[in-house]
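Fold and contact review
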Amino acid sequence: MEQASVRYIVNDVDAAIGFYVGQLGFVEVMHPAPGFAMLSRGALRLLLSAPGATDLNGAPGGGGRALADGTLPVPGGWNRISLQVADVAAQAAGLQAAGVPLRSSVVQGVGGRQVLVEDPSGNLVELFEPILPPAAG
């Protein structure tokens, strides 16, 4: 099966694993070093990297490696993965009850309803409930 991978920079890989596995139904594929983990959900692989992380030998890691000028990647922003759900209002209510920050309320868009939630590092995840058949994929 072909997979698409998205890398998120996170402040705490263990906290991010807990959020994505415990709240959003991802499965941990591997967590070979403190600063990196790979999760999956369907055809999506989520690569979690901590800024400035090193491998098990202490060498700079890949996704969290500083640029040549020393700039470290940081979490956050507005880019996001979008996960299809059956009932976005119920999902949002459950996440909010669990203490997950919502950046938006449930809103109606062109193809469906959506809500923006934040992972423990402030990265966005869009939960999307399609209302038009082509939007369901």
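Before reading further, recall that the structure is shown in the block above.
Since we're looking at a predicted model, the values are computed, not measured. (Residues numbered from 1 in each chain as written. Predicted model: local features only at pLDDT ≥ 70, side-chain atom pairs only at ≥ 80, totals over all residues. Heavy atoms only, no water.)

Observations regarding the sheet that holds strand 5 (residues 80-84)
Basically, it comes down to this: Pairing between strands requires that DSSP locate at least two bridges from one strand to the other. The way it works is that DSSP assigns letters per residue, a run of H or I at least four long becomes a helix, a run of E at least two long becomes a strand, and they are numbered from the N terminus. By definition in these notes, contact holds between two residues if any of their heavy atoms fall within 4.5 Å. Helix axes are fitted to C-alpha atoms over the stretch in contact, other axes to C-alpha atoms as well, and angles between N-to-C directions run from 0 to 180 degrees.
With mixed pairing, 4 strands are arranged side by side in an open sheet as 5-8-7-6. Only two strands of the sheet have a single neighbouring strand rather than two, namely strand 5 and strand 6 (107-108). Taken together, the 7 bridges between strand 7 (residues 112-118) and strand 8 (residues 124-130) define a ladder with antiparallel strand orientation. When the sheet's bridge partners are listed, leucine 116 is paired in strand 8 with glutamate 126. Against the sheet, helix 1 (residues 13-24) touches strand 5, strand 7 and strand 8, its axis set at about 15° to strand 8.

Considering the environment of glutamine 96
Summarising the element assignment, glutamine 96 is placed in helix 2 (residues 88-97). The spatial distance from the C-alpha of glutamine 96 to the C-alpha of leucine 132 is 26 Å, given a sequence separation of 36 residues.

Concerning helix 1
To keep it simple, the criterion reads: Expected helix span is given by 1.5 Å per residue-to-residue step, counting one fewer step than there are residues. Residue burial is assigned from relative accessible area. The probe radius is 1.4 Å, only protein chains are included, and a residue is buried under 20% of its type maximum, exposed over 50%, and partly exposed in between. Note that the arc is computed from the directions linking the helix axis to the C-beta atoms. In the analysis that follows, any N or O atom pair within 3.5 Å is treated as a polar contact, provided that within protein one partner can donate a hydrogen and the other can accept it, and provided that, for residues neighboring in sequence, both atoms belong to side chains.
Over its 12 residues, helix 1 runs 15 Å from end to end, which matches the ideal 16 Å to within 8%, given 1.5 Å per residue. Every buried residue belonging to helix 1 is among Val13, Ala16, Ile17, Phe19, Tyr20 and Leu24, and all of these are buried. Here the buried residues of helix 1 occupy an arc of 165° about the axis, which is enough to place them on one side. Opposite the buried face of helix 1, by more than 90 degrees, sit the exposed residues Asp14 and Gly22. Here helix 1 starts with a cap whose side-chain oxygen sits 3.0 Å from the backbone nitrogen of aspartate 14, and that cap is aspartate 12. Two residues or fewer after helix 1 comes glycine 25, characterised by a positive phi angle close to 80°.

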